Amino acid sequence: MEDGQLREGTIRHIQNAVAEMFGLSIEELRTDSRSRDIAFPRQIAMYLSKQMTDASLSEIGRQFGGRHQTSVMHSIAKIHQLRATDAGLNRTIETLLEKLRQQDGD
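Notes on the structure in this doc start here. (Residues numbered from 1 in each chain as written. Predicted model: local features only at pLDDT ≥ 70, side-chain atom pairs only at ≥ 80, totals over all residues. Heavy atoms only, no water.)

## Some words on the overall build of the chain
What counts here: A helix here means a DSSP run of H or I that spans at least four residues, while a strand means a run of E at least two residues long, and both kinds are numbered starting from the N terminus. Summary of the burial criterion: residues with accessible area below 20% of their type's maximum are buried, those above 50% are exposed, and those between are partly exposed, where the area comes from a 1.4 Å probe applied to protein chains only. Any two residues whose heavy atoms approach within 4.5 Å are treated as being in contact.
Across its full length, the chain holds six helices and zero strands. Starting at the N terminus and ending at the C terminus, the chain contains elements arranged as α-α-α-α-α-α. For the chain, buried positions account for 39% of its 106 residues. If you take every contact in the chain between residues at least 6 apart in sequence, the share linking residues at least 24 apart comes to 60%.

## Quick word on helix H5 (residues 69–83)
Rules: A helix is expected to reach a length of 1.5 Å times the quantity of its residues less one. This arc corresponds to the set of directions leading from the helix axis out to the C-beta atoms.
For H5, with 15 residues, the first-to-last C-alpha span of 21 Å sits near the 21 Å given by 1.5 Å per residue. Residues of H5 that are buried include every one of Val72, Ser75, Ile76, Ile79 and Arg83, and no others. Looking straight down H5, one finds its buried side chains confined to an arc of 95°; they lie on one side. In H5, the exposed positions that point more than 90 degrees away from the buried face belong to His74 and Gln81.

## With respect to the environment of Arg42
Relative to the elements of secondary structure, Arg42 occurs in helix H3 (residues 36–52). In this structure Arg42 comes out as buried when scored by relative accessible area, which is 5%. For the pair Arg42 and Arg30, spaced 12 residues apart in sequence, the C-alpha separation works out to 7.7 Å. In contact with Arg42, not counting residues within four places along its chain, are Glu28, Leu29, Thr31, Asp32, Ser33, Phe64 and Arg67.

## Some details on the pattern of salt bridges
Threshold: Only one rule defines a salt bridge in this text: a Lys or Arg side-chain nitrogen within 4 Å of an Asp or Glu carboxyl oxygen.
Within this structure, the stated rule accounts for two salt bridges. As a salt-bridge pair, Glu20 and Lys99 come within 2.6 Å of each other at their nearest N and O atoms. Of this pair, Glu20 sits in helix H1 (residues 2–22) while Lys99 sits in helix H6 (residues 87–105); the two residues are 79 residues apart in sequence, bridging distant segments of the chain. Of the charged contacts, one joins Arg83 and Glu94 as a salt bridge, the two residues approaching to 3.1 Å between their closest N and O atoms.

Okay, here's the thing in structure tokens:
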């Protein structure tokens, strides 16, 4: 169970970093809101959660308000595709990764 706690903690760090960058609260990232101002940062956070942890899609979904694993899969695929053409998104993700790596080193 210790591994699950570690993954949950890591996902919470990701949620904190994304929420801070986009001026949101963690609660907003976990809501059912489909507003682009909330949904897009949530998709980024789910993408990073999959990239940076060994959490399952179901586990990531639970950490984001009980989303189904297919919703998590869709979010990951969408961000992955957008990274191929969106330099601004790549900069945002690289900034978040750097911040999370620094926190991990503390």
